[in-house]
Amino acid sequence: MTRPGLALACVVAAACEPTVPVRDCTGCTYDFADTIPPDTSLVFHWPATRLPVRYYADPRAAMPALVATGVATWNAQFLYGELRAVQVADSNAADVIVQWEATPPPDVPPDTGAAVDACAGSTTNPSVVFRDSSARVLHVTLGAKGGAFSDAQVAACLRRVAIHELGHSLGLLKHSPSRFDIMNAVPTVSFPSVTDRRTVELLYHTLPTVLPPP
Amino acid sequence: MRARYWRLAGIAGGLACAPAALPAQLLVRAALGARYTSTLVHDSIVTPFDVRPALAPALAVTAATPVGERWMAQATLDFSTSALERHDAAGTTTSLGRVSTLAFTVGLRRGLPAGFAAAVGVGGLKYLPADATGIFRQGSGAIAGLGQVTVEYAPVAGARYGLGVQARYDAHRFVTPALQSEGFDSARLVHRVTLAVRAGWGGGAAR
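Given the structure is predicted, the values throughout are model-derived calculations rather than measurements.

With respect to the overall build of chain A
- When you go through chain A residue by residue, the secondary structure sums to five helices and seven strands.
- In chain A, the succession of helices and strands from N to C terminus is α-β-β-β-α-β-β-β-α-β-α-α.
- Counting only C-alpha atoms, chain A reaches 80 × 45 × 40 Å along its principal axes.
- Burial analysis of chain A (214 residues in total) assigns 38% to the buried set.
- The contacts in chain A between residues at least 6 apart in sequence include a share of 74% that link residues at least 24 apart.

What follows is the structure, given as structure tokens:
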């Protein structure tokens with residue numbers, strides 16, 4: 001092949017190769033690992049051998065719908081089959097059990113106004129549960145906060161916090177510093193941001209140091 | 001999605017099983033073989049990896065009619081289906097679900113000496129994912145333009161049934177709306193190679 005021909009072939013070949021997106025830029029992701037000073041990093045995610053991750057939802061009130069939304073939301077963040085989560089009807093067959101902290105709040109349509117911090121949630125830390133105990137299941141609890149909140153404000157808050165807590169159960173162990181991310185300590189957005197998505201994507205391509213029981 | 005596959009199979013089967021109704025100058029061939037497809041997506045998250053379909057069964061039905069002494073005009077409907085797989089740098093493979101392709105091409109075929117023939121075609125190709133997840137979560141995108149080259153060999157002994165073997169190469173560009181959202185700035189050139197056995201009906205000698 002002549003030199004100009006070779007150059008043309010190289011240009012054509014290069015033009016056919018799309019540029020891989022940049023993901024390791026500053027601010028594109030946030031910390032997802034727990035740390036034990038001085039230098040132990042605890043990285044947890046569900047390995048491919050444990051997929052699908054099975055979620056059981058307390059059948060009362062809006063919990064099944066909240067978990068279904070959370071599962072679908074996180075499933076949709078992945079491009080390459082890194083995660084598959086499903087909802088199961090039997091708590092004995094679950095990897096994660098999601099329950100009400102107390103009496104379920106009324107199941108009403110969520111408020112569409114500004115986000116109000118009207119509910120709370122918590123998740124047992126997988127890096128603690130699977131590292132330091134023989135437990136096989138993670139527990140997530142959701143509930144309404146006391147105060148002058150409307151049922152609709154509580155419902156809207158629970159929808160955000162359910163997605164947030166399921167994010168913890170997937171291995172996003174830290175909170176995002178940005179209020180535009182669902183993994184912010186007080187989530188005010190309705191869905192994961194691009195930063196949330198890139199962070200969980202990065203997590204599921206990082207070698208875990210904590211594994212669930214087989 | 002399953003109903004769509006059956007409908008396609010019905011059309012292909014109908015074409016292949018209707019030799020009695022063919023006009024004298026119409027030749028119909030069906031080819032069944034195996035297809036290799038090159039990488040659809042190359043990405044890197046911590047480590048690099050590729051996404052490509054597994055080796056796939058491929059069925060093509062071609063209708064052709066003479067336009068000269070050695071030339072034929074032809075139209076081909078091509079279908080293949082297989083698992084989409086992610087191949088990691090560590091050597092692990094993860095299935096991402098089933099994906100099928102349907103392609104339609106029109107082109108010219110020319111007979112060559114010693115039982116060989118060559119054909120070129122252009123057309124369109126559509127990806128049909130079984131599930132709207134992963135790289136297909138926002139759909140499979142527009143129909144991609146397709147260029148195709150085929151080389152066939154038909155031994156004299158199999159002329160009555162138009163038996164022969166063929167090697168097909170085609171190329172198209174691949175990108176999906178989800179990949180574009182992820183930041184892929186252009187489509188990737190995808191190559192496919194198919195080796196197939198074919199049979200033909202109509203048009204006199206099916207060579």
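What follows continues from the structure just given.
Considerations on the overall build of chain B
- A count of helices and strands for chain B gives two helices and ten strands.
- Listing each helix as α and each strand as β along chain B from the N terminus yields α-β-β-β-β-β-β-β-β-β-α-β.
- The contacts in chain B between residues at least 6 apart in sequence include a share of 59% that link residues at least 24 apart.

A few points about the pairing of strand 7 (residues 138-144) of chain A
Residues and elements named next belong to chain A.
- Every second residue of strand 7 is oriented toward a common face, the buried set being Leu138, Val140, Leu142 and Ala144 and the non-buried set His139, Thr141 and Gly143.
- Of the strand pairs in this sheet, strand 5 (residues 96-100) and strand 7 are connected by five bridges, and their pairing is parallel. The partner of isoleucine 97 across the bridge, within strand 7, is histidine 139.
- Across five bridges, the pairing between strand 6 (residues 119-123) and strand 7 is antiparallel. Its bridge partner being in strand 7, threonine 123 is matched across the sheet by valine 140.

Description of the sheet that holds strand 3 (residues 53-57) of chain A
Residue and element names in this part refer to chain A.
- Within the open sheet, the five strands sit side by side as 4-3-5-7-6. Their pairing is mixed. Looking at strand neighbours, the two that pair on one side only are strand 4 (85-88) and strand 6, the edges of this open sheet. Ignoring strand direction, the axes of neighbouring strands in this sheet form an average angle of 20°.
- Summarising the sheet, strand 3 and strand 4 pair through four bridges and their orientation is parallel. Residue pairing for strand 4: tyrosine 55 is matched across the bridge by glutamine 87.
- Helix 2 (residues 63-75) rests against strand 3, strand 4 and strand 5 of the sheet, and its axis sits at about 165° to strand 4.
- Sitting on the sheet, helix 4 (residues 151-170) is in contact with strand 5, strand 6 and strand 7, with an inclination near 15° to strand 6.

As for the environment of B:Ile135
- Structurally, B:Ile135 can be placed in the loop between strand 7 (116-129) and strand 8 (144-153).
- The class of B:Ile135 is buried, set by 30 C-beta atoms lying within 10 Å.
- Other than its neighbours up to four places away in sequence, B:Ile135 contacts A:Leu79, B:Val41, B:Val51, B:Thr176, B:Ala178 and B:Leu179.

Here we look at the nonpolar core
- One finds A:Tyr55, A:Val67, A:Val96, A:Val98, A:Cys119, A:Leu158 and A:Ala162 to be the most contacted residues of the largest nonpolar core, which totals 67 residues.
- Residues within four places of A:Ala162 in sequence aside, it is in contact with A:Leu66, A:Val67, A:Thr69, A:Gly70 and A:Leu142.
- Membership of the second largest hydrophobic core comes to nine residues, among which are B:Ala30, B:Ala56, B:Ala58 and B:Phe79.

Considering helix 5 (residues 194-203) of chain A
- Burial analysis of helix 5 of chain A places seven of its ten residues in the buried class, the great majority of the element.
- For helix 5 of chain A, the secondary structure elements touched by its buried residues are helix 4 of chain A together with strand 2 (41-45) of chain B.

Focus: the pairing of strand 5 of chain A
- Note that strand 3 of chain A and strand 5 of chain A share three bridges and pair parallel. Note on strand 5 of chain A: the bridge partner recorded for A:Tyr55 is A:Val96.

Looking at helix 4 of chain A
Residues and elements named next belong to chain A.
- Over its 20 residues, helix 4 runs 28 Å from end to end, which matches the ideal 28 Å to within 8%, given 1.5 Å per residue.
- Burial analysis of helix 4 places 18 of its 20 residues in the buried class, the great majority of the element.
- Of the residues trailing helix 4, glycine 171 is marked for its positive phi of about 125°.

Considerations on the confidence of the model for chain B
Residues and elements named next belong to chain B.
- Summary statistics for chain B give a mean pLDDT of 88 and a share of 86% for residues scoring 70 or more.
- Low pLDDT, under 50, characterises residues 11-21; the predicted model gives this stretch 13 contacts beyond four residues in sequence or across chains.
- Scored by ipTM, the complex comes to 0.82, with pTM at 0.84.

A look at the packing of helix 2 of chain A against helix 4 of chain A
All names here are of chain A.
- Between helix 2 and helix 4, whose axes approach to 9 Å, the crossing angle comes to 55°. As summarised for this structure, helix 2 and helix 4 are arranged oblique, according to the angle between their axes. Once helix 2 is placed against helix 4, the crossing between them reads as right-handed. Side by side, helix 2 and helix 4 meet where Leu66, Val67, Thr69, Gly70, Val71, Thr73 and Trp74 of the first sit next to Leu158, Arg159, Ala162, Ile163, Leu166, Gly167 and Leu170 of the second.
- Looking at the contact of helix 2 with helix 4 residue by residue, the class counts come to nine nonpolar, four polar and one charged.

Some thoughts on the environment of B:Leu146
Residue and element names in this part refer to chain B.
- Tracing the chain through its elements places leucine 146 in strand 8.
- Taking the C-alpha atoms as reference points, leucine 146 and glycine 124, separated by 22 residues in sequence, lie 5.1 Å from one another.
- For leucine 146, the contacting residues outside a window of four places in its chain are Ala103, Thr105, Val122, Gly123, Gly124, Leu125, Asp170 and His172.

Observations concerning the environment of A:Asp117
Residue and element names in this part refer to chain A.
- By the secondary structure assignment, aspartate 117 is in the loop between strand 5 and strand 6.
- Sequence separation of aspartate 117 and arginine 160 is 43 residues, and the distance between their C-alpha atoms is 10.0 Å.
- If sequence neighbours within four positions are ignored, aspartate 117 has contacts with Cys157 and Val186.

About the cut-offs
Residues numbered from 1 in each chain as written. Chains lettered and ligands numbered in written order. Predicted model: local features only at pLDDT ≥ 70, side-chain atom pairs only at ≥ 80, totals over all residues. Helix = DSSP H or I, 4+ residues; strand = E, 2+ residues; numbered from the N terminus. Buried ≥ 20, exposed ≤ 12 C-beta atoms within 10 Å, placed from the backbone. Contact = placed C-beta atoms within 7 Å. Pairing = 2+ DSSP bridges. Axes fitted to C-alpha atoms, helices over the stretch in contact; angles between N-to-C directions. Core = buried A, V, L, I, M, F, W, Y, C linked by C-beta atoms within 7 Å. Expected span 1.5 Å × (residues − 1). pLDDT = per-residue confidence, 0-100. Parallel < 35°, antiparallel > 145°, perpendicular 65-115°, else oblique. Left-handed = near helix turned anticlockwise from the far one by under 90°. Nonpolar A, V, L, I, M, F, W, Y, C, P; charged D, E, K, R; others polar.

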